[in-house]
Amino acid sequence: TVEPLEYYRRFLKENCRPDGRELGEFRTTTVNIGSISTADGSALVKLGNTTVICGIKAEFAAPPTDAPDKGYVVPNVDLPPLCSSRFRSGPPGEEAQVASQFIADVIENSQIIQKEDLCISPGKLAWVLYCDLICLDYDGNILDACTFALLAALKNVQLPEVTISEETALAEVNLKKKSFLNIRTHPVATSFAVFDDTLLIVDPTGEEEHLATGTLTVVMDEEGKLCCLHKPGGSGLTGAKLQDCMSRAVTRHKEVKKLMDEVVKSMKPK
Amino acid sequence: MEGVMRSDAKICGESGTESSPRGLGCSLRHFACEQNLLSRPDGSASFLQGVAEKSREWLIRNTCEAVVLGTLHPRTSITVVLQVISDAGSLLACCLNAACMALVDAGVPMRALFCGVTCALDSDGTLMLDPTAKQEKEARAVLTFALDSVERKLLMSTTKGLYSDAELQQCLAAAQAASQHVFRFYRESLQRRYSKS
């Protein structure tokens, strides 16, 4: 398109978007759990074209000295050059670092896992969960896809039982006996893009994000409590517009929760 | 180019008294500002308010980009360098205030001024504006907002902890009321600077 903004404005006037969606409609979301057999938990999430895969590996570590009964959850978001031409190879760019910090904040604020559950022996041994989120295809709304992939992968993680034997003081891992993690809340992210300082659209594609004047991401859990309100600059929003975003986030949470429950149920017979 | 001018502006909150006892009205701590104190850069300001993390830089950068009229200066790079001299809580809000004053001092054309306000919610839901480092650590949720000066719209927000939708609206309203004091302080300190006294 020669004039991409004008082209979009013509659609927005009719309350729809070039790909046929309404302003408040999400793209088709698909989730696939347990695809990586070498990881302790994994999930692949597709939001339209945006594809994010999350792999979780559990390792042993000594707990931190100021919190000897806690384990660690270490997220890392990687935006490799293969997902979009805007990323170059080399050290993580700004967007990847911001996304990693965002996921770390969501884990911390929502208390999705109680870090005490990851402790094996206070002061001596604890689990550290390395959550690696890799984007395979970047078409906008990376934060929603990453949050969903992380949640799905954490629900899929099975940790073996570990006992510290008294004679050798070494850890003995029983790979036959595995248990799921205790996921306490289900945070779901809903992202919006602001157009021309007034119009809010849900789940922006890569092109829409580029043309937008601002973005907003709301992370909500099932009780309607907000874990994170991430609005990194961009055009201003009034309190009333924020309220509309909250109600959309509540409906999105229900949609995602339903999808998650279906997937988890289908995994049960294993 | 003007010589170095020091204007130490003090502002008192709604409660009438000076710094420490906080009334129920404004409850922002005492703040002071010094402008044009460095000779090399085009503009500089030090804002004293009661990581170099990439995430914080991203937030501040996007807030500045939203208000600065970049189209008037093509092929130009505006670098904002923020150095933390001391951190006593509400760091991000203080950084935003300093960035805004420095941009004004440099004469960069902007469509509005912006200010940062931090709110903390403690476990029984009491709202505290401009928390100290200790209050931030003990709070259930800490919300930082950047508001613009024209219509008090929300430019940037970053939050930590769990809170409900109603509490968010409450904090936003309190932050919008408190931002008036910050904008009045900007105006007064600039008036003081440019007056011939």
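Just so we're clear, the structure is a prediction, and the values are computed from it rather than from any experiment.

Along chain A, the regular secondary structure elements total five helices and 12 strands. By its C-alpha atoms, chain A is 75 × 40 × 40 Å across when sized along the principal axes. Across the 270 residues that make up chain A, the buried fraction comes to 50%. When contacts within chain A are restricted to residue pairs at least 6 apart in sequence, long-range pairs at least 24 apart make up 67% of them. Only carbon and sulfur atoms are counted for the fraction: they give 51% of the accessible area of chain A, which is about 12,700 Å². In chain A, 29 positive and 38 negative side-chain charges are present, and the distance between their average locations comes to 4 Å.

To continue, consider the packing of aromatic side chains. Two measures describe an aromatic ring pair: the distance that separates the ring centres and the angle between the ring planes. All names here are of chain A. Applying the stated criterion across every chain, the model contains six aromatic pairs over all chains. A ring pair is formed by Tyr 7 and Tyr 8, whose centres lie 6.3 Å apart and whose planes are at 85°; its orientation type is edge-to-face. On the basis of an interplanar angle of 20° and a centroid distance of 6.0 Å, the ring pair of Tyr 8 and Phe 195 is categorised as stacked. Taken as a pair, Tyr 8 in helix α1 (residues 4-13) and Phe 195 in strand β9 (residues 188-195) lie far apart in primary sequence, 187 residues in all. Per residue, the accessibility class of Tyr 8 equals that of Phe 195, and both read buried. A network of ring pairs unites the aromatic residues Tyr 7, Tyr 8, Phe 11 and Phe 195 as a single cluster. The aromatic ring of Phe 26 is capped on one face by Arg 252, whose charged end is 3.6 Å from the ring centroid.

We now examine the UniProt feature "domain: Exoribonuclease phosphorolytic" (unreviewed entry) in chain A. Residue and element names in this part refer to chain A. Following the UniProt record, the feature "domain: Exoribonuclease phosphorolytic" (unreviewed entry) maps to residues 25-160 and 187-250 here. Between the end C-alpha atoms of residues 25-160 there is a gap of 41 Å, over a span that is 24% helix and 37% strand. Taken end to end, residues 187-250 is 28% helix and 38% strand, and its first and last C-alpha atoms sit 11 Å apart.

Moving on, we get to the nonpolar core. Inside soluble globular proteins, nonpolar side chains tend to come together where they are buried. Residues A:Leu79, A:Leu129, A:Leu133, A:Leu154, A:Leu181, B:Phe114 and B:Phe145 are the most contacted members of the largest nonpolar core, which totals 112 residues. Each residue touching A:Leu129, except ones within four places of it in the same chain, is listed here: A:Ile56, A:Lys57, A:Ala58, A:Tyr72, A:Val73, A:Val74, A:Ile113, A:Leu118, A:Leu154, A:Leu159 and A:Leu181. In terms of nonpolar packing, the next biggest core, distinct from the first, is built from eight residues, A:Tyr8, A:Leu12, A:Ala193 and A:Ala212 among them.

As a further point, take the interface of chain A and chain B. Between chain A and chain B, the contact holds 27 residues from the first and 26 residues from the second. Summing the contributions of chain A and of chain B, the shared interface buries around 2,400 Å²; its carbon and sulfur component is 55%. Area buried by chain A at its contact with chain B is led by A:Glu94, A:Leu226 and A:Leu229, which between them contribute 23% of it. At the boundary of chain A with chain B, the tally comes to one salt bridge. Between B:Arg61 and A:Glu94 there is a salt bridge, and its shortest N-O distance comes to 2.8 Å. Here chain A and chain B share 13 residue pairs in polar contact (both at pLDDT 80 or more) between them.

Quick look at the sheet that holds strand β4 (residues 127-129) of chain B now. Residue and element names in this part refer to chain B. The antiparallel open sheet is built from four strands, whose spatial order is β4-β3-β5-β6. Either end of the sheet is taken by a strand with one partner, and the two such strands are β4 and β6 (154-161). Pairs of neighbouring strands in the sheet enclose a mean axial angle of 20°, with direction left out of account.

Next up on the list: the side chain of B:Thr144. Residues and elements named next belong to chain B. Mapped onto the secondary structure, Thr 144 falls in strand β5 (residues 141-148). You can call Thr 144 buried: its relative accessible area is 7%. Aside from chain neighbours lying at most four places away, what touches Thr 144 is Leu 92, Ala 93, Val 117, Thr 118, Met 156, Ser 157 and Thr 158.

Residue and element names in this part refer to chain A. Applying the stated criterion across every chain, the model contains 21 salt bridges over all chains. Among the salt bridges present, the one from Asp 19 reaches Arg 21, with a minimum N-O distance of 3.1 Å. With a relative accessible area of 42%, Asp 19 lands in the partly exposed category. Residue Arg 252 pairs with Glu 255 through a salt bridge whose shortest N-O separation is 3.1 Å. Here Arg 252 pairs with Glu 255, and both are found in helix α5 (residues 239-267), just three residues apart, close to one helical turn. For Glu 255, a relative accessible area of 36% gives the class partly exposed. What emerges from the salt-bridge pattern is a single network uniting Arg 17, Asp 19, Arg 21, Arg 27, Asp 139, Asp 203 and Glu 208.

Definitions and limits used
Residues numbered from 1 in each chain as written. Chains lettered and ligands numbered in written order. Predicted model: local features only at pLDDT ≥ 70, side-chain atom pairs only at ≥ 80, totals over all residues. Heavy atoms only, no water. Helix = DSSP H or I, 4+ residues; strand = E, 2+ residues; numbered from the N terminus. Buried < 20%, exposed > 50% of the residue type's maximum accessible area, 1.4 Å probe, protein only. Contact = heavy atoms within 4.5 Å. Areas by Shrake-Rupley, 256 points an atom, 1.4 Å probe, with all protein chains shown as cover. Lys, Arg positive; Asp, Glu negative; His and termini not counted. Charge placed at Lys NZ, Arg CZ, Asp CG, Glu CD. Phe/Tyr/Trp six-rings, centres within 6.5 Å; stacked < 30°, edge-to-face > 60°. Lys NZ or Arg CZ within 6 Å of the ring centre and 35° of its normal. UniProt positions renumbered as here; feature names shortened; annotations may be inferred. Core = buried A, V, L, I, M, F, W, Y, C linked by side-chain atoms within 4.5 Å. Buried area = accessible area lost by both parts, 1.4 Å probe. Salt bridge = Lys/Arg side-chain N within 4 Å of Asp/Glu carboxyl O. Polar contact = N/O pair within 3.5 Å; in protein donor to acceptor, adjacent residues only side chain to side chain. Pairing = 2+ DSSP bridges. Axes fitted to C-alpha atoms, helices over the stretch in contact; angles between N-to-C directions.

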